[in-house]
Amino acid sequence: MRISELSTRSGVSQASIKFYTREGLLPAGERTGYNQTDYSDDHLTRLHLIRSLIDVGGLPVAAVGRVLAAVDAPDLPLVEVLGATQQALPQPVTPPSEASRDRVLAFAAEHGWDVDEHNPGVRVVAGVLDGWDSVDRGDLAALLPAYARAADLVATADLDAVAGSIDDARRGGDREAAAQTVVVGTVLGDQLFAGLRRIAQQDTAFRRYGSDPRGDTP
């Protein structure tokens with residue numbers, strides 16, 4: 001297909017398609033003549049992946065480039081693709097305190113988690129602890145065990161979802177497809193969990209307090 005058709009089918013402007021190609025996010029099309037390039041359905045699939053990571057996942061273009069570089073590295077283990085994807089997710093701008101990092105690592109150990117101290121989640125959770133402390137709500141750290149139990153369930157569901165793709169890749173299947181599953185599941189999964197949490201919060205509030213949050217309406 002020509003770039004005009006690729007643009008129409010993907011919903012991505014021709015200028016953006018050319019930009020993604022220059023940035024290395026999208027493979028170049030096949031030159032078929034002077035000033036003429038053909039694109040395939042693989043380009044269409046890749047564009048949908050790029051736009052999902054940007055529009056739904058909220059990743060900046062540079063982060064998308066790092067994630068896709070991991071996807072495209074044929075010898076990179078899929079577990080490392082997961083790690084690269086986690087590193088690309090948004091993180092606090094201000095580094096957390098060492099005290100909060102130590103608290104998070106201690107909690108993880110108590111919970112039975114085997115986690116690297118450089119896991120980006122450690123920084124995120126430590127930043128939350130610092131935020132609570134800064135507004136004198138350190139008591140909210142009592143929520144950690146409940147959140148950890150929910151995280152265990154979600155993490156198990158995540159890995160169950162990609163297990164088939166990973167096993168297939170290990171048997172010589174489509175490694176790139178498996179890597180894409182890891183990336184999409186990780187990046188969009190963050191947004192999925194946040195959205196479901198908001199829905200569940202509203203449902204729980206209605207069940208507890210009715211339509212009036214003060215509890216006056218049954």
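These numbers were taken from a predicted model, which means no experiment stands behind them.

Participant: Teacher, can you tell me more about the environment of S134 here?
Facilitator: Locating S134 in the fold gives a position in helix 7 (residues 120-134). Given a relative accessible area of 57%, S134 falls into the exposed group. Sequence separation between S134 and L89 is 45 residues, and the spatial gap between their C-alpha atoms is 24 Å. Engagement of the side chain of S134 in a polar contact is seen with the backbone oxygen of G131, the distance being 2.7 Å.

Participant: Help me understand the packing of helix 3 (residues 41-56) against helix 4 (residues 61-72), please; the structure alone is not making it clear to me.
Facilitator: Helix-helix packing is characterised by the crossing angle of the two axes and by the distance between the axes. Relative to each other, helix 3 and helix 4 sit at 135°, their axes nearing to 10 Å. Our classification of the angle between helix 3 and helix 4 gives oblique. Where helix 3 crosses over helix 4, the two elements pack in a sense that is right-handed. On helix 4, the residues that touch R46, L49, I50, L53 and I54 of helix 3 are V61, V64, V67, L68 and D72. Here the residues of the contact of helix 3 with helix 4 sort into eight nonpolar, no polar and two charged.

Participant: Would you explain the environment of P92 in this entry?
Facilitator: Relative to the elements of secondary structure, P92 occurs in the loop between helix 5 (78-88) and helix 6 (98-111). Apart from the residues within four sequence positions on either side, P92 is in contact with R123 and V124.

Participant: What is the right way to look at the confidence of the model for the protein chain in this model?
Facilitator: Fine structural detail should not be taken from predicted coordinates in areas where pLDDT scores are low. When the pLDDT values of the protein chain are averaged, the result is 89; 93% of them are 70 or greater. Taking the mean pLDDT of every element in the protein chain, the minimum, 82, falls on strand 1 (residues 30-33) and the maximum, 97, on helix 6.

Participant: Explanation requested: the nonpolar core in the structure shown.
Facilitator: Soluble globular proteins tend to pack their nonpolar side chains together in the buried interior. Among the nonpolar cores identified, the biggest contains 32 residues, and Y20, I50, L53, L59 and V64 are the most heavily contacted of them. Discounting residues that sit within four places of it in the chain, Y20 has contacts with V12, L25, L26, L47, I50, R51 and I54.

How each quantity is defined
- Residues numbered from 1 in each chain as written.
- Predicted model: local features only at pLDDT ≥ 70, side-chain atom pairs only at ≥ 80, totals over all residues.
- Heavy atoms only, no water.
- Helix = DSSP H or I, 4+ residues; strand = E, 2+ residues; numbered from the N terminus.
- Buried < 20%, exposed > 50% of the residue type's maximum accessible area, 1.4 Å probe, protein only.
- Polar contact = N/O pair within 3.5 Å; in protein donor to acceptor, adjacent residues only side chain to side chain.
- Axes fitted to C-alpha atoms, helices over the stretch in contact; angles between N-to-C directions.
- Parallel < 35°, antiparallel > 145°, perpendicular 65-115°, else oblique.
- Left-handed = near helix turned anticlockwise from the far one by under 90°.
- Contact = heavy atoms within 4.5 Å.
- Nonpolar A, V, L, I, M, F, W, Y, C, P; charged D, E, K, R; others polar.
- pLDDT = per-residue confidence, 0-100.
- Core = buried A, V, L, I, M, F, W, Y, C linked by side-chain atoms within 4.5 Å.

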